[in-house]
Every structure is written in C-alpha cells, then in structure tokens.
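# Working through the structure, step by step
Each chain, written out:
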Amino acid sequence: MAGHNSIRDRLSCNLAAVRQQIAEAALRCQRRPEEITLVAVTKYVGSEVIRHLVAVGCHDLGESRPQDLWQKAADMTDLPVRWHLVGHLQRNKVRRTLPLIALLHSLDSLRLAEEIDKHSAALRRRTAVLLEVNISGEPAKHGFAPREMPELLPRLAALENIEIRGLMCMAALEGGPQAARANFAALRELRDRLQAVCPPGVRLDELSMGMSGDFQAAIAEGATIVRIGSALFEGIAQ
Ligand SMILES: *Cc1c(COP(=O)(O)O)cnc(C)c1O
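A brief report on the enclosed structure follows. (Residues numbered from 1 in each chain as written. Predicted model: local features only at pLDDT ≥ 70, side-chain atom pairs only at ≥ 80, totals over all residues. Heavy atoms only, no water.)

## Section: the pattern of salt bridges
Under the convention used in this document: One speaks of a salt bridge when a side-chain nitrogen belonging to Lys or Arg is within 4 Å of a carboxyl oxygen belonging to Asp or Glu. Three exposure classes are used, based on accessible area relative to the maximum for each residue type with a 1.4 Å probe and protein chains only: buried under 20%, partly exposed in between, and exposed over 50%.
Taken as a whole and assessed by the stated rule, the structure comprises 15 salt bridges. Where Asp192 meets Arg191, a salt bridge forms, and the shortest distance between an N and an O atom there is 3.0 Å. Residue Arg203 is joined to Asp205 by a salt bridge in which the shortest nitrogen-to-oxygen separation is 2.9 Å. For Arg203, a relative accessible area of 55% translates into the label exposed. The partly exposed category is assigned to Asp205, whose relative accessible area is 37%.

In structure tokens:
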C-alpha cells in the first residue's frame, strides 16, 4: 500500500507530465499554453486522493455524476476548488448542484436549461454553462444535434439567468484518433458558424473537448478546456 507521500509524488509527476503535453500541443499550433484550462476529472478516485491533487496545484476538478460531485464537494469545502459537472444533469438534481459548480459542461436540453434558469433566479446568480453537442451523432450520447443549434441558441440565450460560454463535446468512441480529431474540428466549425448568428451578449469562446486519449488533437483544433482523468491517476491504486 503506497503511503501518502508516494501518492502525492505520483500525482505531482503525472500532473507535470500532462501539463507539459498540453503546453507542447499548444506550442505546436502557435497557441499559448495559458489559453488552455485543465479540468482534472476525479471520478476514478476518492476524496483522499483528490485532496492530494489539490495540494499539488490542481484546482479545477470535474465529476461526471452529480451525486459524486455533491459528496466530494462536501468533503472539500475547506479547499479552493472550482467544481465542473461534465456529465449529464437530471432536472431533479439541478437545485442541489447549482450552488456547488463553477461551470456546467453538459447543458443538453431546453427543458434542463429552463430548470437551471428558474433555480438560478432563486439563488440570485447566473449559472455558467457550455452547450453539449452530440457531434459524432452516436445515439447513446447526450447533447444537442448540431443542426438544431442555430434555432435553439436564441431561445437558450433568452434565459436571463444562464450564461452561455461555449460548446462541449465528447469524441466518437469508434474510429480512433482520426475520427476524434474530425469531431473536434466539427465542433470548432459549428462554433464559428454559430458565433456569426449569436444573439448580442452571447460569446462562445470556450470549447471543452479532449480527454486523456485525445487532448492533443483537441488542442490542435482549438480546445480551451481539456477534461483529463485517467492520465492524471496512472499508477495510483483506485
Ligand atoms: C471520464 C470523463 C472524462 C475524462 O476521461 P479520461 O479518458 O479518463 O481522461 C472527460 N469527460 C467526461 C465527460 C468524462 O465522463
């Protein structure tokens, strides 16, 4: 059983390696590494390991299940963590989730948006969101269909207590790195097309795309946020 120091050392090494790879991928396409935010997806590990990750300098943390986020956020109220929900949010979990998160990556329906708007108003805050797009078109995936976006964007933007910051996608499971890169390019192109028809006050600056297996390709295609889990926890018992 590894002691605390060795867990922390391992996380520190993994984090440095991932940050280095992010920086190299950015520099390869003439981008500045600081433009890219690393969200550490902590769904594989418990609160004890996460505390070490925060201690070595990772403050943006993501969970894919709301209940896990609730639990871990409650365990870590003493730490300066910005929580991101990266997975599907059910409407009956909105009220409890909103106060905890800095950014919702996975807004995927108008009904969910209306629920978030209502509860944000009650909390007297605007909720920052990304619109999840099912860019690969796989039936099992959540997200808006790309073709419905031009019509939906003004309706979402009309919800005053939601702040739309950009788009999010997951790459196709099949097809390897080439398919993933094509998906990332498609999300960026969709963003560029939507930017042109954006209602006033809405900007789609953020592109949340890229995970452990494909973040370099995502950065090459314009990712501003990468969501990385397994690469950070390599070598740590789970
Ligand atoms: C698990 C997860 C990730 C991280 O995946 P890794 O391949 O472990 O880096 C990113 N985004 C979402 C939505 C996830 O569920």
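## Examining the pairing of strand β2 (residues 60–63)
Two faces belong to every sheet, and in a regular strand the side chains alternate between them. Selection criterion: The secondary structure listing takes helices from DSSP runs of H or I that are at least 4 residues long and strands from runs of E that are at least 2 residues long, numbered from the N terminus. Crossover handedness is defined here as right-handed if the route from the first strand over the helix to the second strand goes clockwise, with the strands pointing away from the viewer. If DSSP finds at least two bridges between two strands, the strands pair.
In β2, alternate side chains face the same way, and those of Asp60 and Gly62 on one face and Leu61 and Glu63 on the other are all buried. In this fold, the crossover linking strand β1 (residues 37–41) to β2 by way of helix α2 (residues 47–55) has right-handed handedness. In this structure, β2 lies alongside strand β3 (residues 82–85), joined through 4 bridges in parallel fashion. Its bridge partner being in β3, Asp60 is matched across the sheet by Arg82. Each parallel crossover has a hand, and for β2 linked through helix α3 (residues 66–75) to β3 it is right-handed.

## Concerning the layout of surface pockets
Where empty space is left in the structure can be found by rolling a water-sized probe over the atoms. Quick note on the threshold: Residues are called lining when one of their atoms sits within 4 Å of a cavity or pocket point, these points coming from a 1 Å grid over the protein atoms alone, where a cavity is a set in which a 1.4 Å probe fits but cannot get out and a pocket is an open set with protein on both sides within 12 Å along at least five of seven lines. Grid points are joined across faces, edges and corners, and a volume is the space filled by probe spheres set on the points. Each residue is assigned to one of three groups, with Ala, Val, Leu, Ile, Met, Phe, Trp, Tyr, Cys and Pro labelled nonpolar, Asp, Glu, Lys and Arg labelled charged, and all others, Gly among them, labelled polar.
As a volume, the largest pocket reaches approximately 360 Å³. Forming the walls of the largest pocket are 18 residues, and the residues nearest its centre are Lys43, Ser64, Val86, Met170 and Met211. Residues of the lining of the largest pocket, tallied by class, amount to 7 nonpolar, 7 polar and 4 charged. Roughly 250 Å³ of volume is contained in the second largest pocket. If you trace the second largest pocket, you find 14 residues lining it, with Lys141, Ala171, Ala172, Leu173 and Met211 closest to the centre.

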